[in-house]
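Chain by chain, the residues run as shown.
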Amino acid sequence: MAATAHKHGNRRSLFGKYSGWDVSFNIVNYTLLILFTFICIFPFINTVANAFSSSHAIQTGKVVLWPVEFQLDAMKSVVTDSNIIRSLGVTIYITVVGTALNMLFSITTAYPLSRKDLKGRKYFMNFMIVTMVFSGGMIPSYLLIKSLGLLNSLWALMLPGLISAFNVIIMKTFFQDLPEELREAAVMDGCGNLRYLAQVVLPLSGAVLATISLFYAVGHWNSYFAAVLYIDDSALYTLQVKLRNILLLAQMDTSLETMQSLDNLNVIEESLKGATIVFATVPILIVYPFLQKYFVKGSFLGSVKG
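Quick summary incoming for the structure in this document. Keep in mind that what you see is a predicted model, and the values were worked out from it rather than measured. (Residues numbered from 1 in each chain as written. Predicted model: local features only at pLDDT ≥ 70, side-chain atom pairs only at ≥ 80, totals over all residues. Heavy atoms only, no water.)

**Observations concerning the nonpolar core**
Taken as a class, soluble globular proteins show a tendency for nonpolar side chains to be buried jointly. Cut-off, in case you're wondering: What is meant by a nonpolar core is a set of buried Ala, Val, Leu, Ile, Met, Phe, Trp, Tyr and Cys residues, joined one to another through side-chain atoms within 4.5 Å. Accessible area is worked out with a 1.4 Å probe on protein chains only. A residue is then buried under 20% of its type maximum, exposed over 50%, and partly exposed in between. Strands here mean DSSP runs of E at least two residues long; helices mean DSSP runs of H or I at least four residues long; both are numbered from the N terminus. Contacts: residue pairs with any heavy atoms within 4.5 Å of one another.
By size, the foremost hydrophobic cluster in this structure holds 24 residues, and its most contacted members are Met103, Met171, Phe175, Val201 and Ile212. Elements that contribute at least two residues to this core include exactly α5 (82-114), α6 (121-133), α8 (165-176), α10 (193-201) and α11 (206-221). In terms of residues, this core owes the most to one element, α8, which gives seven residues. Setting aside residues no more than four positions away along its own chain, Val201 makes contact with Tyr111, Phe175, Leu178 and Tyr196. Ranked by size, the runner-up nonpolar core spans 19 residues in total, among them Met75, Val78, Leu243 and Ala280.

If you want it as structure tokens, here you go:
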């Protein structure tokens, strides 16, 4: 026993609190994670490098991880394009208003479903779960939006996805796990359902609310297909649709027209594509650091416990 303890003591002295196998596993694990992370972010890094590189550098294939012959012509063209700025405003409006409506209706749906005294709540839950598996399809959805007179309206991009069954289930599970003693004490103090929800439940649910808000906001920001399907007015195009038009070269914006006199237009278009992608991606990336501390915590707290 003493010899064994002495042997383990030597292993710990060499590798700290980990054994040799633990150190080897950690090295391999972290190496693979770093490699996988690099593979995931490499396309975006390359896009950023193209956005700030010269046409000659892009044409000769010198741009990989960082800008070569740094220039701001493509980014200036994007920032000064009134059509893209208008599309940015439309996307911000949809993201802010849509997320606010999503949270309002999700909260007012999840809270009653979390109450055990709600009659028929199992049937309501079953109806909601069915929508996660089955849908009417694209054509019936289009006909419904058309019959409601929502074509070429921003409401067509917000109302159809007003409530996400998945997010409501997460929120409902979180509300359900709150101590019942809190509600009993609130009822004894004469607190009604709405007041209890606003003054007790929501302040205690910051993590899950931030997480669900992020889910909804990212969904609205990246929304593309609905805008293509329901919007024909170019003044209501979202930023993602504008990006699609530039990437497919289906529509020549003023930012491209100002470059007609320059050489290597195809290469400049590649730089412009990179600048537009960066312009469309950076704003939503800025939001993540502010909600990151709530993200993992909210996902686990609202998860279904077995």
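What follows picks up the thread again.
**Here we look at the packing of α5 against α8**
Note the cut-off: Note on method: axes are straight lines fitted to C-alpha atoms, helices fitted across the in-contact stretch only, with angles between N-to-C directions ranging 0 to 180 degrees. The cut-offs work like this: below 35 degrees is roughly parallel, past 145 is roughly antiparallel, 65 to 115 is roughly perpendicular, and the gaps in between are oblique. Throughout, a crossing is termed right-handed when the near helix is turned clockwise from the far one, and left-handed when it is turned anticlockwise from it by less than a right angle. In this classification, the charged set is Asp, Glu, Lys and Arg, the nonpolar set is Ala, Val, Leu, Ile, Met, Phe, Trp, Tyr, Cys and Pro, and all remaining amino acids, among them Gly, are polar.
Two elements in contact, α5 and α8, have axes separated by 8 Å at closest approach and are oriented at 50°. In this view, α5 runs oblique relative to α8, as classed from their interaxial angle. Of the two possible hands of crossing, α5 and α8 adopt the one that is right-handed. Two secondary-structure elements touch here, α5 through Met103, Ser106, Ile107, Thr109, Ala110, Tyr111, Leu113 and Ser114 and α8 through Val168, Met171, Lys172, Phe175 and Gln176. Tallied by class, residues from the contact of α5 with α8 come to eight nonpolar, four polar and one charged.

**Notes on the packing of aromatic side chains**
Heads up, the condition is: Pairing of aromatic rings covers Phe, Tyr and the six-membered ring of Trp, with a centre-to-centre limit of 6.5 Å; geometry is then stacked below 30 degrees between planes, edge-to-face above 60, and tilted otherwise.
For the coordinates displayed, the defined rule picks out four aromatic pairs. Judged by centre distance (6.3 Å) and plane angle (50°), the rings of Tyr111 and Tyr196 are tilted. One end of the pair, Tyr111, is in helix α5; the other, Tyr196, is in helix α10, with 85 residues separating them in the sequence. The residues Tyr111 and Tyr196 share a single accessibility class, namely buried. Ring centres 6.4 Å apart and planes at 70° place the aromatic pair Phe174 and Phe175 in the edge-to-face group. A single burial state applies to Phe174 and to Phe175, both of which are buried.

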